[in-house]
There are 2 protein chains.
Amino acid sequence: MTRPNSILVTGTVAFDSIKTPLAEMDEILGGSATFFAMAARLFTTVQLVAIVGNDFPTHHLKMFDENGIDLQGLVRAEGSTFRWKGEYEENMNVRHTLETHLNVLEQFDPVLPPDYRKSKYVFLANINPDLQLRVLDQLESPKLVCCDTMNLWIIHQRSDLEKVLQRVNMFIISEEEAFMLTKRTNIVRAAHEILRLGNFSLIIKRGGYGAILFTQDKQIFAIPAYPLENVVDPTGAGDSFAGGFMGYLASNDSLDLEAIHRAMVYGNIIASFSVEGFSIEKLATLNRETVRNRLSDFLRMTHLVPTAVHVE
Amino acid sequence: MTRPNSILVTGTVAFDSIKTPLAEMDEILGGSATFFAMAARLFTTVQLVAIVGNDFPTHHLKMFDENGIDLQGLVRAEGSTFRWKGEYEENMNVRHTLETHLNVLEQFDPVLPPDYRKSKYVFLANINPDLQLRVLDQLESPKLVCCDTMNLWIIHQRSDLEKVLQRVNMFIISEEEAFMLTKRTNIVRAAHEILRLGNFSLIIKRGGYGAILFTQDKQIFAIPAYPLENVVDPTGAGDSFAGGFMGYLASNDSLDLEAIHRAMVYGNIIASFSVEGFSIEKLATLNRETVRNRLSDFLRMTHLVPTAVHVE
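The text that follows walks through the structure, step by step, so that each part is easy to find. (Residues numbered from 1 in each chain as written. Chains lettered and ligands numbered in written order. Predicted model: local features only at pLDDT ≥ 70, side-chain atom pairs only at ≥ 80, totals over all residues. Heavy atoms only, no water.)

Turning our attention to the interface of chain A and chain B. Opposite the 43 residues of chain A that make contact, chain B presents 42 residues. Run the count over chain A and chain B and you get zero salt bridges. Contributions of two or more residues to the side of chain A that touches chain B are made by α7 (187–195), β14 (220–223), α9 (257–274) and α11 (288–302) of chain A. When residues in the side of chain A that touches chain B are grouped by element, the largest group, eight residues, is from α11 of chain A. Considering only residue class, the side of chain A that touches chain B consists of 21 nonpolar, eleven polar and eleven charged. (Contact = heavy atoms within 4.5 Å. Salt bridge = Lys/Arg side-chain N within 4 Å of Asp/Glu carboxyl O. Helix = DSSP H or I, 4+ residues; strand = E, 2+ residues; numbered from the N terminus. Nonpolar A, V, L, I, M, F, W, Y, C, P; charged D, E, K, R; others polar.)

With that settled, the discussion passes to the relation of the copies chain A and chain B. Placing chain A over chain B gives an RMSD of 0.0 Å and needs a rotation angle of 180°, together with 0.0 Å of translation along the axis. Within this description, the copies of the chain are treated as partners about a two-fold rotation axis. Closest approach to the rotation axis within chain A is made by the C-alpha atom of Pro-224 of chain A, at a distance of 2.7 Å. When the interface residues of chain A are mapped onto chain B, 98% of them again fall at the interface, so both copies present the same face. (Least-squares fit on C-alpha atoms with pLDDT ≥ 70 in both.)

Once that is clear, we can look at the sheet that holds strand β8 (residues 95–101) of chain A. Residues and elements named next belong to chain A. Taken together, four strands build an open sheet; the order of strands is β3-β2-β7-β8 and the sheet is mixed. One side of each edge strand has no neighbouring strand; the edge strands of this open sheet are β3 (24–30) and β8. Averaged over all neighbouring strand pairs, the angle between strand axes comes to 20°, with direction disregarded. Where strand β2 (residues 14–19) and strand β7 (residues 82–88) come together, six bridges link them in parallel fashion. For Lys-19, the partnering residue across the bridge sits in β7 and is Glu-87. (Pairing = 2+ DSSP bridges. Axes fitted to C-alpha atoms, helices over the stretch in contact; angles between N-to-C directions.)

What follows is the structure, encoded as structure tokens:
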């Protein structure tokens, strides 16, 4: 049932409580691995390496399963599922963490099922970098390893994070995190400094302003965000971007620069759907045709007409 | 000597005193009409309608003249030239006005020389909307009138500003101003609300994040900014954008949507040069070849390769 290039993801599966300027939601399905998996499943099967508590309802497991998400690597432990509570400011680009309850995450020791170790495409979603390293140690010969991180690890576990960065091909973070990591405020300077931490390419996500790629050989590729009238909840936008991005690459099995550019556009489009609803409500109903239609719109909104792609 | 489609601009010619996190400059040449003219002169001749005091040095007039900027409409009055003092925050996207001395601007009553009245391409750069209206009243049959504005007029002279907006084809403002004008924080909603103020197309400038066009029939076109490692002084970026934008349109004499998209890219590129130096130092030494080279770079950084511009 697993197609050749499935994607392995490790990260969190959580219950989120979220306050936006317009609404408040309690204990909805969230977590970095959840959003990633529900985005990437549009392209290929996903192997989910995560932990939940015994409070995690069966209907979510069923939903994952029905969406081609392999649950062999999902540990169900005694105790409560990880919980996160956050609040967004008026413009939705700034958020504050109100509460974090690690719960079963504290005892998580990811052990990959044997056939997961051969995975070629791996996403280390936002989770403690020590856990990201433990997953990395079990991989036999991955072709593409991407990772994400967050402010907490940048501040409190920088040396583990830097060990992860030495071993990945792609690093995807938010602009705010890039600035935090480098204490800079210019995106090009921040990017050059981050690129020196390893041999990866870097994608910096700019929220409602798009995303930008920097490679080791100083290539840049920038895209604006898809303009949205209704941003309901930005939670998971970055993971959805990564899911679309890696989903495209894994299903096409090409890592040339042009494929990476196209993958960024797919990531961008899938993230734009994700933020139009709470939790995974939009991702869960999304299909490839809807993605293709918005992608066409996006190209019309961002690309000069072919006859005009010349320098006068 | 004047080519058919010269551009008329009215706005300020000023002495700016500017503090950035890295440097401080006193009494350097600035003003909305100055930046616009020095950008647009790369494409065509410019008719400058503005006022300066008798403290305005001859070498600046000579510099304008040598750059194909027609000075028949520049009034030299008794008194001091308009002065502005501002300070930029660390990230260069936020600025604060410290001082404004209108000086001779208070007595400015723009009277267009007879052959200026026939101008087809007109930019009402940032200046009191009452003065923008007085210039509009003297135009015979313009083909494209664009205008800009600023927080001061949005707050204190909104009804005059709205009168201007009823009479223009294009409105170019910053994202911050768009949010201030509508009390919204979502760019699509803000744009739709602003579009209802007239029959113009709207370009919202997003500083280091690019620019986005909204038309009356709901077409959108978005471009990221050219990524810059050295932002020296953002003053005049918006006027330089407008200068490149209108310069391209006037010199090609086409207002179809594809021409407007290309013009945005030119505006974007010329603004990127402008902010790499103080005052007009970069614009003054810029030539078309340098612009074309960066434009090629920009297309490589933002456009999927032509064979990839399809929806799989």
